Amino acid sequence: MTRRIWQFPWGYIESALFATGIAAAGFALQLTVGYFDFYLLHFPANLVALALLLVLIALAVRFENTPFVRWLSGIPCAVALIAALLVLALYMTLTPQLAHPPAPAAAAGLIARLGFARVTASWPFVLLYAATLLALGVTVARRVYDTSRHPSHHTPRHDFAFLCNHLGLWILLAAAGCGAADMQRAVMYVREGETEWRVFDRDGTALPLPLAIELKDFTLEEYPPKLALIDRQTNTPQPEAAPAFLQIDPARPRGRLGDWEISIDEYLHEAVRIDGEFRASPMPASTPAARVTAKNLVNGKTRRGWICGGGNVLGFYAALTLDERHFLAMTEPEPKRYASDIVAFTPSGERIAARLEVNKPLTIGGWTIYQYSYDTAAGKMSSYSGFELVRDPWLLPAQIGMGIMALGALSLIGRGAGTQRAGTRQ
Amino acid sequence: MTWDAFPFFALPAALCWLIAGLLACRARPVHRLAIELPMLAGLVLFAAFIAAFWHTLARPPLRTMGETRLWYAFFLAAAGHLTWLRWRDGWLLLLTAVMATAFAAVDMLDPESHSIALMPALQSFFFVPHVVIYILAYALFGIAAFAALAQLWRQRTQPADTHLFAFMDEAAHIGFGFLVLGLLLGAVWAREAWGHYWAWDPKETLAFVTGAAYLIYIHLRAQGRTDKLVAWTLPVAFLLLLLGWLGTSLFPGAQGSLHLYS
Ligand code: HEM
């Protein structure tokens, strides 16, 4: 018996056409109304959308024996939707994406107008995301409903793995979608010794922020820098194709660069240059310096001297000329850690003193404050510190979804292909 | 211990692995200890280098490409060994040995400069588990891809080998579990370091692409399909994975990625 297209039960061809159709509808919308404005979904609109989705899922469970619902909660539909999202994501990796959807006037050219300048804010992507949320939701709801009526259909361990993977992902996708509309982020720059309370979003509008931040002190620690052979003509580190660097490492005072054997005779992490001599000193302008001996392994010639990157003081700079072609120089030290000692003030008059570091943010009143930047040209002498402030009211549900998914992942690891359904249905 | 010492560990280790792999492929079976002992010796030697290297750097050796290749070689050999213990597929042991050797060889032929610097964003509890779990998933997916190629080779003339499909499923499911775990750890970490758990950074987008490709395989197999198209998804997914891992910096869309460290 042959089945004609669009005759139930639907298979892969119908599923592929369905996903393509959703994308096509998305492109049509994109061409007519432009990029999807996540602001439209901001609270409470996202709650309404979520409620609508749940009603649709409930309706699907009510009519679960219709061929359409069976198909919607089946594997061909899931595979088609995942594949469609995969294609869009693959495109995103192939062309640079704008950080924000372009303004309608600026979206010149068909590619940009079709939504490809920022795929994740384009209608095809949003519609496919929503369709996946619906299909995944119906899949989970039907499985729960089925198990509640016929506990013997699946073993509990099997149900557990299935539920963790799919329900966890559903919660995460739903929370991430809602969060995309409600998330607020802003950057604030505070000068040392001053207090700041104004922040602006990317359009330059002031955000109502229930916080003020005083920057007490900004500190920066650096790693010992590296040495490099530099070509005197081109001023580039050698060898040209793959520059080699010699890490200054107290545990390994000797190394090789090209034909030269280098030994570090003395290393000062915080040095200043006084009358041409380098001395250890914790002054703010201090910078790493090293006294080295370089020995040419081919002709035995030896060179000795101080090398210093200079830091913020031009007069500190010192390089060692080796021969007609090369000199030895020090790279800029890389930051090891940087931190801001701050006091945050809340409207209720609370004062919270904290030290902000990369990977160590501070959360107060729904806002999380991150160490974001500093004056990289000034390095440790930076007179200001940049903070990023983020508020995502949907973070908790997203984290719950991730936690459930982690359980699902663990059962995949523990049971391998045992998570797969034995035998086939469909 | 620095890269200078690497060949003294990697060469004997690779030799052990290759011997074990060749012995496992012999038509006349040898005593299993003749295979397992060299395998283990190679693993111990390799692990010793990683541990000593870590100690010298005073930071986890997971920052640079060369350092991640180191772990990949180790996990490939380890996963190959475990697979052999459970499934006794000699050719797979040899294959993982050859691949692990190839990755170690790249590090021997093109050693990186010694560097102790670890940028502040990477100084986190999540750094080691996030990267190690990913590399483990990559190793399993590599094995799954080669098993799938063997399956495809067979399917040119014969029906699918269900034993081999069962093995591909095992590797793909466990690999996917690790992939999700690595992704979740990365999401928690990103939230702590950058303020968002997912931002469609190019590396994240490629991780999504990879994950989606493996999901397609898992769901096609959940339907019980054994056709060639299904077998093809594994090598294709692995290709996407390799692009995301080794080639992120090559992608036009990846310029300015927060994930590019060295
Ligand atoms: C973390 C992501 C996911 C994992 C690990 C996963 C894993 C699995 C596994 C192992 C099965 C077979 C197990 C069983 O039937 O009990 C399965 C079935 C299924 N999955 Fe997924 N999946 C994921 C995401 C999705 C998504 C995004 C969709 C839909 C858009 C989906 C739709 C389905 C469907 C419809 C089935 C068949 C269920 C049935 O017929 O009972 N899955 N999944």
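Here the structure is a predicted model, which means the values were calculated and not measured.

Asks: Any chance you could explain the interface of chain A and chain B here in plain terms?
Replies: You'll often see interface size given as the accessible area lost when the parts meet. Contact residues are listed per partner, giving 63 residues for chain A and 55 residues for chain B. Taken over both partners, the interface formed by chain A and chain B buries close to 4900 Å², and the fraction arising from carbon and sulfur atoms is 66%. A salt bridge links arginine 252 of chain A to aspartate 4 of chain B; its shortest N-O distance comes to 3.7 Å. Connecting chain A to chain B are 17 residue pairs in polar contact (both at pLDDT 80 or more). Elements that contribute at least two residues to the side of chain A that touches chain B include exactly α4 (75–94), α7 (156–182), β13 (335–345), β16 (367–374), β17 (384–391) and α8 (395–415) of chain A. No other element matches the 12 residues that α4 of chain A contributes to the side of chain A that touches chain B. Taken together, the residues that form the side of chain A that touches chain B break down as 39 nonpolar, 13 polar and 11 charged.

Asks: Quick question: what am I supposed to make of the sheet that holds strand β12 (residues 326–330) of chain A here?
Replies: Hydrogen bonds between backbone groups are what pair the strands of a sheet, and the pairing can be parallel or antiparallel. Residues and elements named next belong to chain A. Here we have four strands laid out as an open sheet, ordered β5-β4-β12-β11, and antiparallel in their pairing. Each edge of the sheet is formed by a strand with only one pairing partner; in this case those strands are β5 (246–247) and β11 (320–321). Bridge count between strand β4 (residues 226–231) and β5: two bridges; the pairing is antiparallel. Paired with leucine 227 across the strands is leucine 246, a residue of β5.

Asks: How should the packing of aromatic side chains be read in this particular structure?
Replies: Each aromatic ring pair is specified by the distance between its two centres and by the angle formed by the two planes. Residues and elements named next belong to chain B. Under the counting rule described, the total for this entry stands at 40 aromatic pairs over all chains. The interplanar angle of 50 degrees and the centroid separation of 5.2 Å between the aromatic rings of tyrosine 138 and tryptophan 245 together place this pair among those described as tilted. Of this pair, tyrosine 138 sits in helix α5 (residues 127–155) while tryptophan 245 sits in helix α8 (residues 228–246); the two residues are 107 residues apart in sequence, bridging distant segments of the chain. Among the aromatic residues, ring-to-ring pairing joins Trp3, Phe6, Phe9, Trp17, Phe46, Phe49, Phe53, Trp54, Trp71, Phe74 and Phe75 into one connected group.

Rules behind the numbers
Residues numbered from 1 in each chain as written. Chains lettered and ligands numbered in written order. Predicted model: local features only at pLDDT ≥ 70, side-chain atom pairs only at ≥ 80, totals over all residues. Heavy atoms only, no water. Contact = heavy atoms within 4.5 Å. Buried area = accessible area lost by both parts, 1.4 Å probe. Salt bridge = Lys/Arg side-chain N within 4 Å of Asp/Glu carboxyl O. Polar contact = N/O pair within 3.5 Å; in protein donor to acceptor, adjacent residues only side chain to side chain. Helix = DSSP H or I, 4+ residues; strand = E, 2+ residues; numbered from the N terminus. Nonpolar A, V, L, I, M, F, W, Y, C, P; charged D, E, K, R; others polar. Pairing = 2+ DSSP bridges. Phe/Tyr/Trp six-rings, centres within 6.5 Å; stacked < 30°, edge-to-face > 60°.

In short, shape yes, function no, at least from these values alone.
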